[in-house]
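These are the residues of each chain, in order.
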Amino acid sequence: MTTGPNQSWSIDFVSNCFVDGRRLRSLNIVDDFTKECLAIEVDTFLSGRRVVSVLARLAEIRGLPRSITVDNGPEFISKALDAWAYEQQLTIRFIQPDKPQQNAYIESFNGKFRDECLNEHWFLSMRHARAVIADWLLYISWGEFPPSCS
């Protein structure tokens, strides 16, 4: 159980598609205590190395938590993430297969993300998807679109 921010994060992927049927994926990272979305990385393919890259970027901005909760997807059981987490003295907590409720914080966020953002838009291109998702993330962070987005 976390007692403050930046102690434990949860990570998961959400899949969607572009108008033309190509696959779109997002890597979502949430702070378990504050429920704040720390990052949404959007691309067609996101490897274990890319997960490490996003986490390393977050580490520079806000430090790392003690632990990260993930499912057993190939990106999370990768040698790249395992080696990096070991070097950072970071605990990776794996949920049991087919037990998404064990990662409830990210599952709740992903449901909101799908309902409020992904299901509301037809993505035309990667640039369009990233812009729409970035705007939505600003919106949920501010409670309204910040002045720079109006």
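Just above sits the structure.
Residues numbered from 1 in each chain as written. Predicted model: local features only at pLDDT ≥ 70, side-chain atom pairs only at ≥ 80, totals over all residues. Heavy atoms only, no water.

Visitor: Go over the nonpolar core with me, naming the residues and quoting the values.
Guide: In terms of nonpolar packing, the biggest core is built from 21 residues, with I11, L27, I29, L55, I68, F76 and L81 touching the most fellow members. Looking at this core, the elements that each hand over two or more residues are β1 (8-17), β2 (23-31), β3 (37-43), α1 (48-62), β4 (67-70) and α2 (79-88). Setting aside chain neighbours within four positions, we find L81 in contact with V51, V52, L55, E75, F76 and I92. Counting 19 residues, the second-largest nonpolar core is a separate cluster that includes F18, L24, I106 and F123. (Core = buried A, V, L, I, M, F, W, Y, C linked by side-chain atoms within 4.5 Å. Buried < 20%, exposed > 50% of the residue type's maximum accessible area, 1.4 Å probe, protein only. Helix = DSSP H or I, 4+ residues; strand = E, 2+ residues; numbered from the N terminus. Contact = heavy atoms within 4.5 Å.)

Visitor: Give me the packing of aromatic side chains: which residues, what numbers.
Guide: Pairs of aromatic rings are described using the distance from one ring centre to the other and the angle between the two planes. All chains considered together, the criterion is met by four aromatic pairs. Ring plane angle 55° and centroid distance 5.8 Å describe the contact between F109 and W136, whose orientation is recorded as tilted. In this pair, F109 sits in helix α3 (residues 104-116) while W136 sits in helix α4 (residues 126-142), placing the two residues 27 residues apart along the sequence. Owing to a relative accessible area of 7%, W136 belongs among the buried residues under this scheme. Through pairs of rings, three or more aromatic residues link up here, namely F109, F113 and W136. A cation sits over an aromatic face here: R22 above F18, 4.2 Å from the ring centre. Over the ring of F13 we find R25; its NZ or CZ atom is 4.2 Å from the centre of that ring. (Phe/Tyr/Trp six-rings, centres within 6.5 Å; stacked < 30°, edge-to-face > 60°. Lys NZ or Arg CZ within 6 Å of the ring centre and 35° of its normal.)

Visitor: Break down the environment of R22 for me, with residues and values.
Guide: The residue R22 is located in the loop between β1 and β2 in this model. According to the relative accessible area criterion, R22 is partly exposed, its value standing at 40%. On a C-alpha basis, the gap between R22 and E120 in space is 17 Å, while along the polypeptide they are 98 residues apart. Residues within four places of R22 in sequence aside, it is in contact with N16, C17 and L124. A polar contact of 2.9 Å, which involves the side chain of R22, links it to the side chain of D20. (Polar contact = N/O pair within 3.5 Å; in protein donor to acceptor, adjacent residues only side chain to side chain.)

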